[in-house]
Structures are given as C-alpha cells and as structure tokens.
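Structural characterization, general
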Amino acid sequence: MSNYIINHLRELESEAIFVIREIAAQFENPVLLFSGGKDSILLTHLAKKAFFPAKIPFPLIHIDTGHNFPETIAFRDELVEKLGVTLIVGSVQEAIDKGRAKEETGADASRNSLQIVSLLDTLEEHKVDAAMGGARRDEEKARAKERFFSHRDEFGQWDPKNQRPELWNLFNGRKNYGEHFRVFPISNWTEMDVWEYIKLENIELPSLYFSHQRDCVVRDGVILANSEFITLKEGEAVETMTVRYRTCGDMPITGAVESTADDLDKIIEEIATTRTTERGGRADDKRAETAMEDRKKQGYF
C-alpha cells in the first residue's frame with residue numbers, strides 16, 4: 001500500500017474520530033447503530049480508537065429483523081463481548097406482535113421498511129439524542145444528500161431540503177425537545193477507502209464478505225441466499241454458487257456477487273474494476289427509484 005493511500009486513509013480516520021468525539025461532547029445520550037455490516041464494524045473500530053484506552057462510552061443499537069444472516073449475529077455477539085460494550089437490541093418481530101408494524105406478504109415480502117418503527121421506538125425508549133451510523137455518501141443518491149449531523153424532527157423524520165450548513169467542520173447539534181440527530185462520521189469515505197482501511201488496520205469481518213459456496217436463488221438478476229425466509233417463485237431453482245457479499249442486510253433482500261475473492265487483496269482488486277455500485281444488488285432499493293429517500297424521510301437509517 002503506497003504512502004499516498006495510507007496518508008489519505010489517516011486523514012479520513014482523523015476526520016471520523018473528530019466527528020465521533022464531537023458527538024460525545026455535544027450530546028447526552030448518543031448511541032452507535034450497529035448492523036453487523038462492514039461499515040458499522042469499521043465505525044465501531046474508529047469509536048474504539050477515539051476513546052482508547054477507555055471503553056467506548058456509549059451503547060450499540062442493533063435493530064433485529066429476525067431475517068439476519070447467522071454469520072452477522074454471531075459476529076455481533078463476539079464483538080460486543082470482546083469490547084465490553086452495552087448492546088441494545090430492537091426487535092421487528094416484537095413490533096409486529098404488538099401491532100406496531102404489519103408483516104408484508106408475497107414472494108417479495110421484506111422486513112426492511114419495518115425496521116423504521118422498531119428503530120424509532122428504541123431511540124425513544126432510551127431517550128437517544130444522537131444516533132451515529134456507518135452510511136456513506138457514495139452508497140446511494142439519497143445518502144449523498146446527508147450532512148455529517150443530520151437533524152430529525154420529533155417524529156424521527158428527515159427533511160432533505162432543511163439541512164444545516166457545515167462550514168469548516170463546525171457542527172450544529174442544537175435541537176428542540178423530542179428531536180434527535182443521525183450522525184455519519186464516515187460520510188466522505190468510499191467503498192474502496194473502507195476496504196483499504198480494513199486491510200491497513202487488520203479489522204475482522206464476518207465470513208460472508210469473503211468468497212464462499214452458498215445455496216442461492218437468482219431472482220430478477222439478483223443472487224439471493226436460499227433460506228427459510230425465501231418463498232420460491234414458479235420456475236425458480238436453488239443452485240450452489242461461489243459468492244460473496246459487498247453489503248450486509250436482510251437475507252431476502254441482500255444480493256450476492258459471484259466472486260472468488262477470498263482475501264482482502266483480491267477484494268480490493270475486484271472493487272477497483274467493478275462497474276456495479278455497492279447497493280446494486282439490494283432488492284429493497286429496486287422497489288422504486290426513490291426507495292431509499294422515501295424510507296429515510298420516514299425515519300430509516
């Protein structure tokens with residue numbers, strides 16, 4: 001890895017750590033939203049560096065849809081135990097059981113949008129005033145509209161036309177009672193930056209990010225993992241494929257890519273030549289052209 005790349009990564013690291021420390025300084029009850037994906041794992045690593053040798057001074061929140069990859073949950077539990085931090089789990093199934101959310105039906109049913117209710121309920125229950133996440137501006141066009149400090153109203157909703165200016169890394173965390181902020185410390189990172197930093201810092205990841213064999217179903221050009229959460233359509237068949245994941249979400253909506261990249265060097269080489277975006281295989285983003293922005297306005301991550 002060249003000195004130029006290392007210096008670039010250290011600048012991004014410094015910026016992110018500065019933002020994380022600003023969160024701890026400005027807010028009373030901050031949390032880190034943890035999905036078990038590579039970005040939230042990287043963000044947790046940065047939070048650890050920001051306060052070392054002390055422990056991370058805020059809890060991790062995971063919204064459990066019940067449709068997670070087993071590898072993700074196992075990794076989450078091991079990481080939390082290793083770091084000695086508090087884990088708060090919000091349950092989508094619990095929201096469904098209480099009538100707070102309605103289960104989708106049909107072969108393309110997903111619990112992705114149902115996370116909104118569980119997330120907002122969890123943030124309210126724990127009186128969270130700042131929830132930091134691992135979203136990046138290069139992921140998706142709605143993400144690109146976010147500031148580092150992204151204001152949410154008393155209903156947890158986001159107005160992309162009402163964003164506060166952020167000049168010279170001055171962040172305005174003032175809010176009214178009942179409002180909160182979503183904060184994105186790695187906003188300026190790219191997917192390549194993330195992978196190169198993971199290699200530089202030797203950060204552990206769930207095995208699903210590396211090439212492996214898995215029973216899959218190809219649906220509308222998207223490779224989905226076969227599981228109990230998938231209802232096969234007429235003409236669909238399960239086949240064993242060599243795949244890996246570039247992004248981590250629910251099993252029924254997260255598309256894999258055919259790949260033999262089984263180590264970081266091969267993944268970085270693969271990312272450098274791909275013409276498909278990181279979320280190009282996410283079935284939830286294909287429901288509408290504005291699917292992500294619509295969910296974010298309602299309170300999504």
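These numbers were taken from a predicted model, which means no experiment stands behind them.

The next subject is the environment of Arg214. As for its placement among the helices and strands, Arg214 is situated in strand E7 (residues 212-219). The sequence separation of Arg214 and Pro57 amounts to 157 residues, and the corresponding C-alpha distance is 38 Å. Once you skip the residues sitting within four places of it in the chain, Arg214 turns out to touch Phe69, Glu71, Leu208, Ala225, Glu239, Thr240, Met241, Val243, Tyr245 and Met251.

The domain boundaries assigned to the protein delineate domain 1 (8-193 + 289-298) and domain 2 (205-284). Using only C-alpha atoms to locate each centre, domain 1 and domain 2 end up separated by 23 Å. When the buried surface of domain 1 facing domain 2 is broken down by residue, His67, Phe69 and Glu191 rank first, second and third, together holding 28% of it. Inspection of the region where domain 1 meets domain 2 yields two salt bridges. The closest approach of N and O atoms between Arg246 and Glu191, which form a salt bridge, is 2.7 Å. Inspection of the domain 1/domain 2 interface yields six residue pairs in polar contact (both at pLDDT 80 or more). Where the side of domain 1 that touches domain 2 is concerned, the elements lending two or more residues are helix H2 (38-51), helix H3 (70-83), helix H6 (191-201) and helix H8 (291-298).

Further remarks concern the sheet that holds E7. Sheets are built from strands paired through backbone hydrogen bonds, the pairs being either parallel or antiparallel. Spatially, E8-E7-E9-E10 is the arrangement adopted by the four strands of the open sheet, whose pairing is antiparallel. Pairing within the sheet leaves two strands with one partner each, and these edge strands are strand E8 (222-225) and strand E10 (257-258).

Here Asp215 is to be found in strand E7. We classify Asp215 as partly exposed; its relative accessible area is 38%. When the C-alpha positions of Asp215 and Pro165 are compared, they lie 47 Å apart, and in sequence the two are 50 residues distant. If sequence neighbours within four positions are ignored, Asp215 has contacts with Leu224, Ala225, Asn226, Val238, Glu239 and Thr240. Polar side-chain contacts of Asp215 include one of 2.8 Å to the side chain of Thr240.

In the contact formed by H6 and helix H7 (residues 264-273), the axes pass within 10 Å of each other and the chain directions differ by 165°. One element, H6, and the other, H7, form an angle in the roughly antiparallel class. Handedness of the H6/H7 crossing: left-handed. Contact with H6, carried on its side by Glu191, Met192, Trp195, Glu196, Ile198 and Lys199, involves Leu264, Asp265, Ile267, Ile268, Ile271 and Ala272 of H7 and no other residues of that element.

With that settled, consider the nonpolar core. Counting 59 residues, the largest nonpolar core has Ile20, Leu46, Phe149, Trp189 and Trp195 as its most contacted members. Taken together, domain 1 (8-193 + 289-298) and domain 2 (205-284) each give at least three residues to this core, which thus spans both. Those residues within four positions of Ile20 in sequence are excluded, and the remaining contacts are Leu43, Leu46, Ala47, Ala50, Phe51, Phe58, Met132 and Pro185.

Here the focus is the pairing of strand E1 (residues 30-33). Burial of E1 is two-sided: the residues Pro30 and Leu32 facing one way and the residues Val31 and Leu33 facing the other way are all buried. Examined bridge by bridge, E1 and strand E4 (residues 130-132) share three bridges and lie parallel to one another. In the sheet register, Pro30 faces E4, and the bridge partner there is Ala130. In this sheet, strand E2 (residues 60-64) lies alongside E1 in parallel orientation, the contact comprising two bridges.

Bringing the packing of helix H1 (residues 3-26) against H6 into the picture now. Two numbers describe how H1 lies on H6: the axes approach to 10 Å, and their chain directions differ by 100°. Judged by the inter-axis angle, H1 sits roughly perpendicular to H6. Residue-level contacts link Ile5, Ile6, His8, Leu9, Arg10, Leu12 and Glu13 of H1 to Asp193, Glu196, Tyr197, Leu200 and Glu201 of H6. Here the contact of H1 with H6 is composed, by residue class, of six nonpolar, one polar and five charged.

Parameters at a glance
Residues numbered from 1 in each chain as written. Predicted model: local features only at pLDDT ≥ 70, side-chain atom pairs only at ≥ 80, totals over all residues. Heavy atoms only, no water. Helix = DSSP H or I, 4+ residues; strand = E, 2+ residues; numbered from the N terminus. Contact = heavy atoms within 4.5 Å. Domains from an automatic or database assignment. Buried area = accessible area lost by both parts, 1.4 Å probe. Salt bridge = Lys/Arg side-chain N within 4 Å of Asp/Glu carboxyl O. Polar contact = N/O pair within 3.5 Å; in protein donor to acceptor, adjacent residues only side chain to side chain. Pairing = 2+ DSSP bridges. Buried < 20%, exposed > 50% of the residue type's maximum accessible area, 1.4 Å probe, protein only. Axes fitted to C-alpha atoms, helices over the stretch in contact; angles between N-to-C directions. Parallel < 35°, antiparallel > 145°, perpendicular 65-115°, else oblique. Left-handed = near helix turned anticlockwise from the far one by under 90°. Core = buried A, V, L, I, M, F, W, Y, C linked by side-chain atoms within 4.5 Å. Nonpolar A, V, L, I, M, F, W, Y, C, P; charged D, E, K, R; others polar.

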